[in-house]
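Examining the three-dimensional arrangement
Residues per chain, in single letters:
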Amino acid sequence: MRRTIAAITSAGLCCLAFALGSATAADGPKTAKTTYQEHVAPIFRTRCGSCHNQDKQKGGLNLDNYGAAMQGGSSGKVVEPGDPDSSTIFLVVSHKEEPKMPPNSPRIPDAELETIRKWIEGGALESSGSVAMVKARPKFEFKLDAASMGKPKGEPAMPQGVLTEPFVPNARPGAVVAMAASPWAPLAAIAGHKQVLLYRTTDNHLVGVLPFPEGLIYTLKFSRSGDLLLSGGGRGGQSGVAVAWDVKKGTRVFEVGKEYDIVLAADITPDQSQVALGGPGKVVRIYNTADGSLVAEMRKHTEWITAVEYSPDGVLLATGDRNNGLIVWEARTAREYFDLRGHQAAISDVSWRLDSNVLASSSEDGSIRLWEMENGNNIKTIGAHGGGTLSVRFGKDGRLLSAGRDRVARIWDANGNKQRDLEPFSDLALEAVFTQDESRVIAADWTGEIRVYDSKDGKRLANLAVNPRPIAVRLEQTNQALAVAKSEADALSRQFAQLQADAQTRAKAVEAAQLKVGAADKVVSERGKAVAAAEQVLKARQATLEEIRATTRAAEQLEASTTAAVQAAEKSAASAATAEKAANDALIAARTAIKKAVAEKSAHDPALARATTALDAARTPAEISRASSELSRIAQRSVELAQAVTAACDAETKALQVLEQAQKAKTAAPSVANDSRLKAKAVSLAVQSARDKAARAEQDRAAAEKIANEARAAHQAAMASLAAAKKENDQALAQKAVAEKSLADRKPAVDAALARANALQAEAAALAVEKKQLNASGGLATAAKPAA
C-alpha cells in the first residue's frame, strides 16, 4: 500500500544489523525469576547495544541500563510490565509488528524471545530481589487481536436492554453536528442535547439513549469492530472529554482526555488500544484506553482541530484544523508522515477508504480532495458543495457521501463522479452517513431534521427524532396508536378474509375448468389418433387401389396388343396365300422367260458361227471390215441374249426363294394366329379379374374414406369442445387473476397494518418494561459510569 512505516523508529529500537553468527545470550544461573540484570541485559547488549546505549540513543531509547529501558524512548514506554503483547519492544523483536527489529536481519533466536517474554510477563524485574509491579488489567478487553479486526465473529453488536428514556427530555431540536453508523450492524448514533440517540436502521426504531452530561457532543465514531461507540464533546472553554460505550450494554467503558476545552474530533484505533482527540487547544493528544494515560502529543496545528480519523489498518492518523491544515501521522510513533496542502479554508471532515490507500478530506472551500498515501499526492479534487462542504464519508464500496452548506447531501461514485443529489434540506446539511449495508443514507441539517433515504433511488423513507419524548409519553402514544392500528388491522383482515374466500372459490373454478380442459384435451388426443389411424388406412387403401388400377391398365394395354397380334396373324395368313400364288406366278413367268431366252439364243448362235466364218473368209480390207462389223453386231446380240438367259435364271431362283418363304409363312400362319388367340383370351380373363379387384378396392377405399371423414368430424367436435373448455378456463383464470390481484393489492396494506400493530405492540411491551426499570431506578435516567 505505502512505504513501510518506521512506526517505532522515533521510539528507538532502531538497532543496527547484527552479525548473522549465533550470538546467544549468557545463561544466568537458574532462578525462579527472570530479571533484567541476569537474563535480559546480555540480550539487549548483544542485539541492540550498537544503537541503544548510553552514548548513542536512537529515538531517545537507551537499553544499557534498567532505569533507562523502563523509561522508554521519545515516544513513550516500550515495556508494559505483565503484558508482553502490549510491549513495543517485544512486538518488534518478535517480528509481530513493524518495523521488525533488528532491521534487515532474521528474528532473534526463540530462546532469547522467550526470555524477554518471561521477563515482561513476570513484571519486568530489575533483579532477583525486585518486587513485580504488574500493571492491573482492565475488566474490559480494549485491545483486539489483529487477526480479529474487521467484521466481528457472530452477530454484530446491537443494544440489548438499553433504556431509551431521554436524558434531557425537554430539549428542543437543534443542529445535528455528529453522527455515525456502525460498520457491521444496522445501527446509527446521533448526537442530541447531552445524549446520544441509537436508532435501528432497519425500522428506524429508537433502541437506546446514552447520557452525556458532560455537555454538548461534537463527534461520534464507532470502533472498527462496531463493539464500542466513542463520543467527544464538553463545555466550551471549560472542559472536554472522550467517552466510549459498550454498544450492547450501553455502559461506559472508559473516559479519556479531561481537556480544558471541548473535544471537537476524536477516533479510536482499530485495535481499540488508543484514542486520538483534538479541539480548540490546537494539540492532537493520544491516550491509552486501558488506563487513560497520555501516550503522545502533536503540536503542529495552528488552529482548532476539527477532524481526526485513524486509517482502517491502524497505521496512519489523519487530522485537520480550522486553518486548512491537514496532516497525516504515523499512528504508533506520532511522527509526521505527510503535510497535505491544497485546501483554501477550514478542514471540516476526513474519511479513509477501506483499503487505507486513499484519504478524503472536505473543506469550507467547498471541495473534497482525495489523497494517495504512497507519495501524499492530491489525486482528485471535487467541487462538492457551494458555500462549503461540511461532511464526507467513504462507503465500503469506495463511493463517497457528502453534505454541505448548499443544503444537500450527495452521493459520488468511486471515481468522484456525482451519482445522486438527495432531497434538499431547509437549512445547512451538516452530516450524512451510509448504513452498514449502504442501502440507506442518514442525513441531518442545522434545524435538527434527520432524514433516512434509500441510497439507490434517493427516496426519503423516514424521519428520525433528535428529541424523543419520555418513555411514559411514548408508551401512552404507542398504546393509543396501537388501539387504532389494531382496529385498522382487524377491519383490513376481515376484508382480506373475504377476498381470500373469493380467491379460493375462483381457484376451485379454475381447477374444475382445468379438469374439463384436461378431459377435452384427452378426447382430442384420442380422436386425433383415430383420425391418424383412419387416414393411414385410407392412404393404404388408396395405394392398393392405385396399384390395382395400374395393373388393370397394364392388362388392358396387353389385351389390346394381343388383339392386334391376332388380327395381324389372321392378316398374315391371308397375305401368305396371296404371296404363295404370286410367287408361283412369278416362277412360271421366270421359267417361260428362260425358255424364250434360250430359244432366242439358240436361234442366234448359227448366225454368230456364219459371221465368224465370213470373217475368216474375208480377204480384202473392205470384206474384212464388213465381216468384222457384222461379227461385232452379232456377237453383241449374242451377249445380250446370254444376259437375258442369265436374268431369267436369276428371276427363277428368286421366285423359287419367294415361293419357299411364302409356303413357310402360309404353313406357320395358322399356328401363330391360334397362339395369339389363346394369349388374347388369357389376357382378356386377366383384365376382367383386374377390373373386379379394382372395383372391390374402390369400395374398400370409399369405406375407409367414410371412416376417416367420420373420425375427422369427431376430432373437430372434440376440438370445439376443447376450445369451449379453454374459453371457460380462460374466463375462470381471468376471474381468479382479478381475485388474486385484489388480494395482492390489499395484502401489503394488511401486512403493513398487521406489522404496524405488531411493531406497536412490541414497542409498547418494550416501553412498559423500560418504564418499570426506570421507576425502579427512581424515575431518573442517569449517566452510566465506566466499568470498574
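It should be emphasised that the depicted structure is a prediction, and the values quoted were computed from it without experimental measurement. Counting of residues starts from 1 at the beginning of each chain's written sequence and follows it residue by residue. Local features are withheld for residues below a pLDDT of 70 in this predicted model, meaning they are given only at 70 or higher, and side-chain atom pairs are given and counted only at 80 or more; totals for whole chains, interfaces and linings count all residues. Based on all heavy atoms of the structure, the side-chain values leave hydrogens and waters out of the count.

With that settled, consider the overall build of the protein chain. In DSSP terms, a helix is any run of H or I states spanning at least four residues, a strand is any run of E spanning at least two, and both are numbered starting from the N terminus. From N to C terminus, the protein chain includes 6 helices and 28 strands. Radius of gyration here uses only the C-alpha atoms, and the compact-globule reference equals 2.2 Å multiplied by the residue count raised to the power 0.38. For a compact globule of 788 residues, the expected C-alpha radius of gyration is about 28 Å, and the protein chain comes in at 63 Å, more than 25% above that figure. The C-alpha extent of the protein chain, read off along each of the three principal axes, is 195 × 90 × 65 Å. Whether a residue is buried, partly exposed or exposed follows from its accessible area with a 1.4 Å probe, protein chains only, as a fraction of its type maximum: under 20%, in between, or over 50%, in that order. Counting across all 788 residues of the protein chain, residues that qualify as buried make up 45%. Nonlocal contacts in the protein chain, meaning residues at least 24 apart in sequence, comprise 57% of its contacts between residues at least 6 apart. The method behind every accessible area is Shrake-Rupley, applied with a 1.4 Å probe, and residues are considered shielded solely by the protein chains displayed. As presented, the protein chain carries roughly 38,700 Å² of accessible surface, and 53% of it is formed by carbon and sulfur atoms. Positive and negative side-chain charges of the protein chain, numbering 101 and 92 respectively, have mean locations separated by a distance of 4 Å. Here, residues are in contact when the closest pair of their heavy atoms is within 4.5 Å. Lys and Arg are tallied as positive, Asp and Glu as negative. Neither His nor the chain termini are counted. A charged residue contributes its charge at one atom only: NZ of Lys, CZ of Arg, CG of Asp or CD of Glu.

This brings us to the pattern of salt bridges. Opposite charge on two side chains makes pairing possible when the charged atoms of those side chains draw close. Counted as salt bridges are all cases of a side-chain nitrogen of Lys or Arg within 4 Å of a carboxyl oxygen of Asp or Glu. In this structure the tally under the stated criterion is 45 salt bridges. E297 is the partner of R299 in a salt bridge, and the nearest nitrogen-oxygen pair spans 2.8 Å. Between K581 and D585 there is a salt bridge, with its nearest N and O atoms 3.3 Å apart. On the criterion of helical spacing, the pair formed by K581 and D585 is a turn pair, its members being 4 residues apart in helix α5 (residues 471–617).

So, about the pairing of strand β16 (residues 336–339). When DSSP finds at least two bridges between two strands, those strands are taken to pair. Bridging between strand β15 (residues 326–330) and β16 involves 3 bridges; their strand directions are antiparallel. Its bridge partner being in β16, V328 is matched across the sheet by F338.

What follows covers α5. For α5, built from 147 residues, the straight-helix expectation of 219 Å at 1.5 Å per residue is missed by more than 12%, its first-to-last C-alpha distance being only 190 Å. Two axes define the bend at a residue: one fitted to the seven residues ending there, one fitted to the seven starting there, and the bend is the angle between them. Roughly 25 degrees is the biggest bend found in α5, and it falls at H604, with proline P606 one to four residues downstream. The span expected for a helix works out to 1.5 Å for each residue beyond the first.

Residues Y36, F44, V79, I116 and W119 are the most contacted members of the largest nonpolar core, which totals 24 residues. Breaking this core down by element, the ones donating at least two residues are α1 (36–48), α2 (66–71), α3 (88–93) and α4 (110–121). Per-element accounting of this core gives the leading share, 6 residues, to α1. Excluding residues within four positions of it along the chain, V79 makes contact with A69, M70, S87, I89, W119, I120 and A124. Counting residues in hydrophobic clusters, the runner-up holds 22 residues, among them A180, A191, L198 and I217. Buried residues of nine kinds, namely Ala, Val, Leu, Ile, Met, Phe, Trp, Tyr and Cys, make up a nonpolar core once their side-chain atoms join them within 4.5 Å.

What follows is about helix α6 (residues 621–776). Residues separated by three or four positions in an α-helix point in the same direction, a consequence of the helix having 3.6 residues per turn. Its 156 residues give α6 an end-to-end C-alpha distance of only 196 Å, which falls more than 12% under 232 Å, the value for a rise of 1.5 Å per residue. Maximal helix bending in α6 amounts to about 35 degrees, located at A668; proline P670 follows within four positions.

Once that is clear, we can look at unusual backbone geometry. Cis geometry marks the peptide bond from M101 to P102, where omega comes out at -10 degrees. Despite not being glycine, N104 has its phi angle at roughly 60 degrees, a positive value. Within the secondary structure, N104 sits in the loop between α3 and α4. Taking the relative accessible area as the measure of exposure, N104 reaches 82% and is therefore exposed.

Let's shift gears to the packing of aromatic side chains. In this scheme Phe, Tyr and Trp rings, the latter by its six-membered ring, pair at centre separations within 6.5 Å, and the angle between planes marks the pair as stacked below 30 degrees, edge-to-face above 60, and tilted otherwise. Tallying each qualifying case throughout the model produces 6 aromatic pairs. Aromatic side chains Y36 and F44 sit 6.3 Å apart centroid to centroid with 55 degrees between the ring planes, which places their arrangement in the tilted category. Taken as a pair, Y36 and F44 share a single burial class, namely buried. Three or more aromatic residues link up through ring pairs in this structure, and these residues are Y36, F44, Y66 and W119. The aromatic ring of W304 is capped on one face by R322, whose charged end is 4.0 Å from the ring centroid. Here, a charge over a ring is recorded when the distance from Lys NZ or Arg CZ to the ring centre is within 6 Å and its angle to the ring normal is within 35 degrees.

A few words now on the environment of A694. With respect to the helices, strands and loops of the structure, A694 is situated in helix α6. Under the relative-accessibility criterion, A694 is labelled buried at 14%. Along the backbone, A694 and E546 are 148 residues apart, and their C-alpha atoms lie at a distance of 8.5 Å. Aside from chain neighbours lying at most four places away, what touches A694 is L545, I548 and T552.

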